Amino acid sequence: MPGTFNIEAIKETLLQGRELLRQRYYKNKNGAALLLDHSRLVDGVLRQVWREMEMPRSIALLAVGGYGRRQLFPHSDTDLLVLVSKAEGEAAAIDHAIETQLECWVRLLWDIGLDVGHSIRTIQECADEAAKDITVQTSLLEARQLAGHRQLFTEFSRVMQAMLEPRQFFRAKQREQQQRHGRYRDVTYNLEPNLKESPGGLRDLQNILWISRAAGLGKSWPDLARGGFITPREARLAQRNQSILQDLRIRLHYLAGRREDRLLFDYQTPLASELNITGKRPRRAGEMLMQRYYRATKAVTQINTILLLTLRAEIFPHEGAAPVIINPRFQKRGELLEIRNEDIFRQYPGAIFESVLLLQQHPELKARSAATLRAMWRAAPLINGAFRRDPRHCTLFMEILRQPRGLTRELRLMNRYGILGRYIPAFGRIVGQMQHDLFHVYTVDEHILMVVRNLRRFMAPEFAHEYPLCSQLIREFERPEVLYLAGLFHDIAKGRQGNHSTLGKADARRFCHHHQMLAEDAELVTWLVENHLLMSSTAQKKDISDTDVIADFARRMGNERRLIALYLLTVADIRGTSPKVWNAWKSKLLEDLFQATRRHLCGDTYHVGGTLKNRRNRILELLQLDNIPASAYEQLCSALDPTYLLLHEPEEIVWHMRHLSHQMKPAAPVVKARVSPTGTGIEVLVYTADQGDLFARICGFFDRIDYNIAQAKIHTTRHGYALDSFLVLDPLNVTQRHRDVLGFIERELTQQLAQRAPLEPPLKGRLSRLLRHFPIEPEVDIEPDEKGAYHVLSIIAGDQPGLLSRIAQVLVHFGVNVHSARINTMGGRAEDTFLVTGNILDESRRLVHLETELIKALQTKESLDQPSVKRVFNN
């Protein structure tokens, strides 16, 4: 066992050494030197502890993983392997004394400030683990000895090298990369990317070097350049972008004070400041930093793709069949498309588009060869004004859009290699551009390509079960390329000064004219781009049970083809913003609006549920099946406004009657809940003696149990009872599994309404990180509706705990009554619409006071710090 030694002195050595390295790094900004010097510092500490603890000579200490390759980031784990020997016939690899000593050693390492990740294994155990797990094998591939038994390490190295099978290793690492990219949805331009693991991150570069090392082709970029696997220019590009990513990761560790590899919004602006990046209106410094990051990841992805193809050709030399000539410019070899002349793209730049078409038209071709991809990359700058004006190239591009397969894959590849942005310059301007609207989680270009991908997915028979209506509509849609073009252009003007829909329409019109599209198709593309937000806005903000709303929307559609196109684009667009924005409620709203408008356009001008007479007859049929007397229904309807019959489906009204037919004037509140028959959430019925703050009380209740109100319909009977119905969304989606939730809502809400205690203050809670860093300026808009019976209150604000309760309590204070509410939350952005009445709404001076108080209720601390707050007064 070791003698005593000064642990504090070693700890101080490590602390001082790390601080010195930090200061040196910020002075000379050499990330590679920091990683190497940090590894050396830790090497020295580990060797000193090993020596002073007099560790057994029969075992060896190895550095593995990133530490093994001498790339130790400031707060990364120190990965260690203790290699032990096991003699023939021994029951255990180490005896109890050594095991006890190793336990002391690990505790001491943590005490002195090393975040250690360690394992204790024999050579055979290492081999067994490596055979089962490619990640373990990769980590051990870079092992180096720090201390201990040299011969044991030599034998370990021999065994690890002997079990390396380059082809198997290549396949495993490629599969591992595909799975890792899949976890990030194959999206390079995520708004909060992981510097290490995201597509285009450091791991993609390391993957290349691991494969080349396993195949004996080189351990560094200069090695690969000398071997002819990469050009000197590409080697410099790889090294430069590796340095950019390493530098960001080092600074991120220092800034966070811990291991943090995600470029969270919290750190983007401080990092930009460290790098002396200043914002240029309208873009923030953090956005400019991220665009620098996206450019680096784009280059990494380009290099990774080309080198994986190059290494595959070297590692599987006999895999390719004899070349088969396709035309004078291209041939196929096995599953790869090859150019027949390495200068073909320079001689005939249009061959770039031709290669895209060939990949789409030949299902047996899976990709371009490395030489073809490299030549295409180099030729991208030849896509200039003359190229864009050439009618042959316009024809080729339109043919690409018309192909039944491969469009999404090829558009993404063209974007990755700068081809799409050169051919459509407006698209080039939004590559890597962030969107801080609290619901888009991708950059503008990634979102656009995700929308096109969603449209294409509707076409695929294997995905028809996801959105059956969309799949049916798009299969019957003539010339669907107009939809893909609308997808490409719908957000292409984001980030410019002015309305992006209007500016995008102009870009789309020029493109369509230049590509000599049919007049009706060009008109449809430009109309879709200009109106791509219309359907979602109408469905989520207006009362689509109102025949006038449907008639007005149908008038703006004009014809069925426009309606179908806009519906398909809207679904694809919302689904392309974020995986969390789309839900069953939005799906139903859009489908209801689509079906009602379609019937209107086809000449069926009455309400989607039929005329009042037809609805009444349907209700009576259902009541008879439930043995509910028709007289009870007539009694309820006579006490309510006719809008009750229009706003609720017959099945919902019958559900109400089941609970109200015997108690039209109950002494206690009636609260009933059920899972919505359409699966969109929980329907809640509240029937009680009316009280001025009833809506605010109900909002407060659902705020406190963390349920989101999506829709509210408020009615008051002629004898002073409130009949309110709500659709609430269950954040954890446990309703289907735990019916107790429905009982809880009925029991607790009944109790709260019966007590009539003073209103509790609105719920307070932490803002989301996104809202903290990118606050929304609140907007309040109050204007009379077209019939003059109500006022429409529209609110836009950052979503936050207790928001709806705060709004409701302000309305209570000013004597404003809510008759209906549509609550639309998109990520961190709330866009709510209320139909309201109240004397104050006709008094200009007091109305200004109401609007002011609403804005105060909507503000967050962060929005208060903004230079201005927007108010919209339309009275």
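Residues numbered from 1 in each chain as written. Predicted model: local features only at pLDDT ≥ 70, side-chain atom pairs only at ≥ 80, totals over all residues. Heavy atoms only, no water.

The next thing to look at is the pattern of salt bridges. The final tally for this structure, using the stated rule, is 53 salt bridges. One salt bridge connects K173 with E176, and the closest N-O pair in it is separated by 2.5 Å. Here K173 and its partner E176 are both found in helix α8 (residues 166–183), three residues apart, which amounts to about one turn of the helix. Here K173 falls in the buried class, since its relative accessible area comes to 1%. In this structure, R333 and E338 form a salt bridge, with 2.9 Å as the shortest nitrogen-oxygen distance. Judged by its relative accessible area of 30%, R333 is partly exposed. (Salt bridge = Lys/Arg side-chain N within 4 Å of Asp/Glu carboxyl O. Helix = DSSP H or I, 4+ residues; strand = E, 2+ residues; numbered from the N terminus. Buried < 20%, exposed > 50% of the residue type's maximum accessible area, 1.4 Å probe, protein only.)

Here the focus is the packing of helix α19 (residues 407–416) against helix α22 (residues 444–459). It is the contact of α19 with α22, at a shortest axis distance of 9 Å, that shows an interaxial angle of 165 degrees. Taken together, the axes of α19 and α22 are roughly antiparallel relative to one another. Along this stretch, α19 crosses α22, giving a crossing that reads as right-handed. Touching L407, T408, L411, R412 and N415 of α19 are D445, L449, M450, V452, R453 and R456, all from α22. Of the residues assigned to the contact of α19 with α22, the class counts are five nonpolar, two polar and four charged. (Axes fitted to C-alpha atoms, helices over the stretch in contact; angles between N-to-C directions. Parallel < 35°, antiparallel > 145°, perpendicular 65-115°, else oblique. Left-handed = near helix turned anticlockwise from the far one by under 90°. Contact = heavy atoms within 4.5 Å. Nonpolar A, V, L, I, M, F, W, Y, C, P; charged D, E, K, R; others polar.)

Taken together, R233, R236, R240, R346 and R378 make up a surface patch of like positive charges. Take the positive patch: its biggest share by element is three residues, from helix α11 (residues 232–256). Topologically, R346 is positioned in helix α14 (residues 344–347). (Patch = residues over 30% accessible without salt bridge, like charges linked within 9 Å, V, L, I, M, F, W, Y side chains within 5 Å. Areas by Shrake-Rupley, 256 points an atom, 1.4 Å probe, with all protein chains shown as cover. Lys, Arg positive; Asp, Glu negative; His and termini not counted. Charge placed at Lys NZ, Arg CZ, Asp CG, Glu CD.)

What follows covers the sheet that holds strand β3 (residues 116–121). Think of a sheet as strands paired side by side through backbone hydrogen bonds, with each pair either parallel or antiparallel. On the basis of which strands lie adjacent, the open sheet formed by four strands has the order β3-β2-β1-β4 and mixed pairing. Both edges of this open sheet fall to β3 and β4 (144–148), since each of them pairs with a single strand only. Strand-to-strand twist across the sheet, computed as the mean angle between neighbouring axes with direction ignored, equals 25 degrees. Summarising the sheet, strand β1 (residues 60–63) and strand β2 (residues 78–83) pair through four bridges and their orientation is antiparallel. Looking at the pairing, L62 lines up with L81 of β2. (Pairing = 2+ DSSP bridges.)

Our next topic: the pairing of strand β9 (residues 670–675). Most of β9 sits inside the fold, with five of its six residues counted as buried. With six bridges joining them, β9 and strand β10 (residues 682–689) adopt antiparallel strand pairing. The residue of β10 that forms the bridge with V675 is I682.

A word on the environment of A215. Looking at the secondary structure, you find A215 in the loop between α9 (202–214) and α10 (221–226). Taking C-alpha positions, A215 is 23 Å from G200, a pair spaced 15 residues apart along the chain.

With that out of the way, let us pick up the sheet that holds strand β7 (residues 336–339). Sheet architecture is open: four strands sit in the order β5-β6-β7-β8, paired in mixed fashion. Looking at strand neighbours, the two that pair on one side only are β5 (324–325) and β8 (367–368), the edges of this open sheet. Pairing geometry for β7 and β8, over two bridges, is parallel. Residue pairing across strands places L337 opposite R368, the latter belonging to β8.

Structurally, R292 is set in helix α13 (residues 285–315). Here R292 falls in the partly exposed class, since its relative accessible area comes to 36%. Measuring from C-alpha to C-alpha, the distance between R292 and I10 comes to 40 Å, with 282 residues separating the pair along the chain. Apart from the residues lying within four places of it in its own chain, the contact partners of R292 are L275 and I277.

This part is about helix α6 (residues 134–141). Across the eight residues of α6, six count as buried, placing the element largely inside the fold. I134, V136, Q137, T138, L140 and L141 are the residues of α6 that are buried. Looking at where α6 begins, the residue whose side-chain oxygen comes 2.8 Å from the main-chain nitrogen of T135 is D133. (Polar contact = N/O pair within 3.5 Å; in protein donor to acceptor, adjacent residues only side chain to side chain.)

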